[in-house]
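As a plain string of letters, each chain reads:
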Amino acid sequence: KVALVTGASRGLGWAMARSLAQAGAHVVLNARDGAAHQARVDELGALGLKAEPAACDVTDETAMAALVAGVAQRHGRLDIGVANAGIQHRKPITEFDTADFRRVLDTNLTAVWVLARECARVMIPARRGRIVVTGSISALLARPTISAYIASKGAVHALTRELAMEMAPHGSTVNAIAPGYFATEMNTALIANTEFNGWVCKRTPAGRWGQPEEIGPPVVFLASDEASFVNGHVLVVDGAFTAAM
């Protein structure tokens, strides 16, 4: 199968792409930094896995449409689309600029919608496909200073359900992954904060941060034939963080 993963050069996106490749997919790794994701492609190639790079900004609608169409044309198919690219911006609401709010929504929400639309244009005629989007437990349990991020991820969860309704009659599924606190580059400052790090480890019943390699297998499941009747679902992967009082 052919899979496209956005934000695939590091963190959770890289873990997702690697797991899909290990499961046998030909993975197209998308990221803004061409050198970074080319290095990831080389890393997979050294393991005998199939991958190719695709550098562009997910907020560039024209470029993303061309990317999806190009993948489908080159390979004759696009089976899996993983909309993972996302950004964060932390400011109290009284100091949060509108431009930054829009920037976060453009990346975390609008770009997800665009990728889903372009994948749908390939998957609906083929009557097969899997779309997986990255949500967040922040859409379920709020924290201060990340209003744009929470708004974007809450919308992504809702969008997942709507897209599932549209895609199901055409043999495709749309599901979301809602990660808890994972030890990724995006969270480096939080991990280095002794107080916050201690809070996460105490608040999470598993007693630790998630490791990136723990996010890949759930994505592989949602992208697989075995998940054919799992649709419109938000799969929480958080070490029981949201299950605890």
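Notes on the structure in this doc start here.

Every buried residue belonging to helix H8 (residues 216–223) is among Gly216, Pro218, Val219, Leu222 and Ala223, and all of these are buried. Angular distribution of buried residues about the axis of H8 spans 165°; they occupy a single face of the element. Looking at the buried positions of H8, the neighbouring elements they touch are helix H1 (11–22), strand S4 (80–83), strand S5 (129–134), strand S6 (172–179) and strand S7 (234–237).

This paragraph deals with the environment of Ala111. As for its placement among the helices and strands, Ala111 is situated in helix H4 (residues 98–126). Sequence separation of Ala111 and Asp60 is 51 residues, and the distance between their C-alpha atoms is 8.1 Å. Once residues within four sequence positions are removed from consideration, Ala111 is found in contact with Val58, Thr59 and Asp106.

This brings us to the sheet that holds strand S1 (residues 2–5). Spatially, S3-S2-S1-S4-S5-S6-S7 is the arrangement adopted by the seven strands of the open sheet, whose pairing is parallel. Both edges of this open sheet fall to strand S3 (51–55) and S7, since each of them pairs with a single strand only. Each adjacent strand pair in this sheet contributes to an overall mean axis angle of 20°, direction not counted. The pairing of strand S2 (residues 26–31) with S3 spans five bridges and is classified as parallel.

Turning to the packing of H1 against H8, a few remarks are in order. Interhelical geometry of H1 versus H8 gives an angle of 55° and a closest axis separation of 8 Å. The angle between H1 and H8 places the two elements in the oblique class. Seen along the crossing, H1 lies across H8 with a hand that is right-handed. In this structure, H1 uses Ala15, Met16, Ser19 and Leu20 to contact H8, whose residues at the interface are Gly216, Pro217, Val219, Val220 and Ala223. For the contact of H1 with H8, the per-class residue count stands at seven nonpolar, two polar and no charged.

The next thing to look at is the packing of aromatic side chains. The tally for this structure, following the rule as stated, stands at eight aromatic pairs. Plain terms: the ring middles of Tyr181 and Phe196 are 5.8 Å apart, the flat faces sit at 70° to each other, and that makes the pair edge-to-face. Here Phe196 lies in helix H7 (residues 194–203) and Tyr181 lies in the loop between S6 and helix H6 (188–192), a separation of 15 residues in the sequence. No difference in accessibility class separates Tyr181 from Phe196, as the two residues are buried. On the numbers, 6.0 Å between centres and 85° between planes, the contact of Tyr181 with Trp199 is edge-to-face. Taken as a pair, Tyr181 in the loop between S6 and H6 and Trp199 in helix H7 lie far apart in primary sequence, 18 residues in all. According to the relative accessible area criterion, Tyr181 is buried, its value standing at 16%. In this arrangement the basic side chain of Arg143 is found over the ring face of Trp199, its NZ or CZ atom lying 4.7 Å from the centre. Above the face of the Phe241 ring, Arg203 is positioned so that its terminal group lies 4.2 Å from the ring centre.

Here is what the cut-offs are and how they apply
- Residues numbered from 1 in each chain as written.
- Predicted model: local features only at pLDDT ≥ 70, side-chain atom pairs only at ≥ 80, totals over all residues.
- Heavy atoms only, no water.
- Buried < 20%, exposed > 50% of the residue type's maximum accessible area, 1.4 Å probe, protein only.
- Helix = DSSP H or I, 4+ residues; strand = E, 2+ residues; numbered from the N terminus.
- Arc of directions from axis to C-beta.
- Contact = heavy atoms within 4.5 Å.
- Pairing = 2+ DSSP bridges.
- Axes fitted to C-alpha atoms, helices over the stretch in contact; angles between N-to-C directions.
- Parallel < 35°, antiparallel > 145°, perpendicular 65-115°, else oblique.
- Left-handed = near helix turned anticlockwise from the far one by under 90°.
- Nonpolar A, V, L, I, M, F, W, Y, C, P; charged D, E, K, R; others polar.
- Phe/Tyr/Trp six-rings, centres within 6.5 Å; stacked < 30°, edge-to-face > 60°.
- Lys NZ or Arg CZ within 6 Å of the ring centre and 35° of its normal.

So yeah, pure geometry; function would need other evidence.
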